[in-house]
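Residue-level structural notes
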Amino acid sequence: MQRHYDVIIIGAGPGGIYSAYELMKLAPALKVAVIEQGHALEQRRCPIDGDKIKSCIKCKTCSIMSGFGGAGAFSDGKYNITNDFGGTLYEKIGKDKALELMKYVDAVNMAYGGEGARIFSTAGTRFKKLCIQNKLTLLDASVRHLGTDLNYVVLKNLFAELKDSVDFRFDTPVEDVEVKDGYLVRTKDEIYSCDKLIISVGRSGSAWMEGLCKRLGIPTHSNRVDLGVRVELPAVVFSHLTDELYESKIVYRTEGYEDNVRTFCMNPNGIVVTENTNGIVTVNGHSYESEDMHTENTNFALLVSKHFTEPFNDSNLYGESIARLSNMLGGGVIVQRFGDLVRGRRSTVKRIEKGLVRPTLAATPGDLSLVLPKRILDGIIEMIYALDKIAQGTANDDTLLYGVEVKFYNMEVAIDDRLMCEGYDGLYVIGDGSGITHSLSHASASGVFVAREIAKAQ
C-alpha cells in the first residue's frame, strides 16, 4: 500500500530543508515527507582519516555530498547575500524578492544556532579601488560566515525542530517519478504519492535530474562547468583582505584570451579537503569559526567557466573528463608548487617538504599542466600574478596549487516564475538541481519561495 502525502520533497539539502521548514511554519496541517538518498546528519562521516585511509574509497553514498544538509553541510558555511553571484534566482522571482528571502534565511540561521557569527560586507571598502587599479574587479556582497562547525550546529537544530512535524526517509534513493493523480515517487522498497512534489536534488543529483527531465519531456539546456585549482598559501598573505571582507570574490579578465578567472570559496586559516561527485574525486576547502581549529594557511579556488553549445553541449561531462584524468595520474588530487608549474617541472615530495607552505591535504605531488588545458592554466597563472599585486606573496614559488577543482552545474530546467515545471502543475524544481541556484543562500531562498507558494494556495 502506497503512502500518501500532501507534499513530498526529494532531497534534504538547503532547498529541501527550507521548503520543509517554511511549510511546517505556514501550513502545519499539510502532511510533508522528505526523501533523501544520503544519511541522517549524525551518521554522515567520511572514512578518510588521513592515517589509515588517505584517499577516497568511493562509498556507495558519499557522506560529504549527500545526506541531511546536502553538499553544504560540511562546507565553510558561507551565506552570500547578493544577486551578483551564486545563481540567477532573481531572474525568476525578482531581485528584491530574492534578497528578501536570503535575508530571511540568514535570520533563521541566526535563530537556530548561528547567533554571533560575523557578517562581512564589501560595501564602501577601500579594496574596490585597489582592485580596479590592478585590472581586477571586486564583486559586491554581504557574507555571513558560520564556519563548518557552526553550520553543523544550525543544521542539527533545524532537524530537531523539523523531525516531529515532517517525515524523513534517509538512505532512500528515488528511482523514478511518475505523473498519476498527482505524482508517484518510486524507491526500491516503497511507492509514495503526493499532490505537490518539490525536487531539490542538488549538484550530486545532476545525472538523475537530467534523466527525469528526458523521461517527462521537460525542456533543459546546457549550463556551464567551472574548472581550476585550489590555492593554498600562508594566511598572512591575504589577511588584510580576509580580516575585513572574509570572502572576497575577485574577477580578472586574462590578457591572452579575455577569459574571466575568479576567486571562489575563500577559507582563511582553513584546510583543503577532497570531495566525491559521482565517483570523481575533486578538491575543495573548509574553514572553522572556532580558533582552536584554525591553521596557518588560507585557501581559495581559482576557476574558469566553460560553456559548450554545438556540436558538444555536455559541460559536466567535459569537467568530469578533466577530473578523471587527474584521478588517473595522481590517484586522486594532485598538488604542485607554483614555482614548479611556471618552470615546467612536476613537484616532488622533497620539494614540497622544503617549501614554506605546509599542505593541509595529503595529495600526490605532480604536474597540473598534464591535466588542465593550456588555456585554463595560462589564465590561472595570469590571475596569480594579478593577485600578487594586491596581496604580495601570492605568486611565491612555494604557493601550493591543488587540482583539479570542478564546480558542476545541473542542466537548467525549464521552470516558470513560480519555480514550477512548465506543463506540470504542482511539480517544483529548486536549489542547485534546477540549474538556477549555485549557492547555499540562493538554494535556501528558493525553498522558502516554493513553500510560500504552496501554503498560499491552501
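First things first, this report covers the structure right here in the doc.

Conventions used here
Residues numbered from 1 in each chain as written. Predicted model: local features only at pLDDT ≥ 70, side-chain atom pairs only at ≥ 80, totals over all residues. Heavy atoms only, no water. Pairing = 2+ DSSP bridges. Helix = DSSP H or I, 4+ residues; strand = E, 2+ residues; numbered from the N terminus. Axes fitted to C-alpha atoms, helices over the stretch in contact; angles between N-to-C directions. Buried < 20%, exposed > 50% of the residue type's maximum accessible area, 1.4 Å probe, protein only. Contact = heavy atoms within 4.5 Å. Core = buried A, V, L, I, M, F, W, Y, C linked by side-chain atoms within 4.5 Å.

1. Quick look at the sheet that holds strand S20 (residues 400-408)
- Taken together, eight strands build an open sheet; the order of strands is S5-S13-S14-S17-S12-S20-S18-S19 and the sheet is mixed. The two strands at the open ends of the sheet, each matched to only one other strand, are strand S5 (136-138) and strand S19 (364-365).
- Here strand S18 (residues 334-337) runs beside S19; their pairing, made up of two bridges, is parallel. Residue pairing across strands places Val335 opposite Pro365, the latter belonging to S19.

2. A closer look at the sheet that holds strand S6 (residues 142-145)
- Across the sheet, three strands lie side by side as S3-S6-S4; this open sheet has antiparallel pairing. Where the open sheet ends on each side, the last strands, each with one partner, are strand S3 (78-81) and strand S4 (119-121). Here the strands of the sheet are splayed against their neighbours by 20° on average, with no regard to which way each runs.
- As judged from the four bridges shared by S3 and S6, these two strands associate in the antiparallel manner. Counted as the bridge partner of Asn80 is Val143 from S6.

3. Focus: the environment of Val281
- Here Val281 shows up in strand S16 (residues 280-286).
- Under the relative-accessibility criterion, Val281 is labelled buried at 7%.
- Taking the C-alpha atoms as reference points, Val281 and Gly331, separated by 50 residues in sequence, lie 9.0 Å from one another.
- Beyond its immediate stretch of four places on either side in the chain, Val281 contacts Cys56, Lys58, Thr274, Glu275, Asn327 and Val333.

4. So, the nonpolar core
- In this structure, Ile8, Ile10, Phe68, Leu197, Ile199, Leu419 and Leu427 are the most contacted members of the largest nonpolar core, which totals 82 residues.
- The element contributing the most residues to this core is helix H12 (residues 440-456), with eight residues.
- Excluding anything up to four places from it in sequence, Leu427 contacts Tyr183, Leu197, Ile199, Leu216, Ile218, Leu419, Met420 and Cys421.
- Within the second largest apolar cluster, 44 residues are counted, among which are Leu138, Val229, Ile390 and Ala391.

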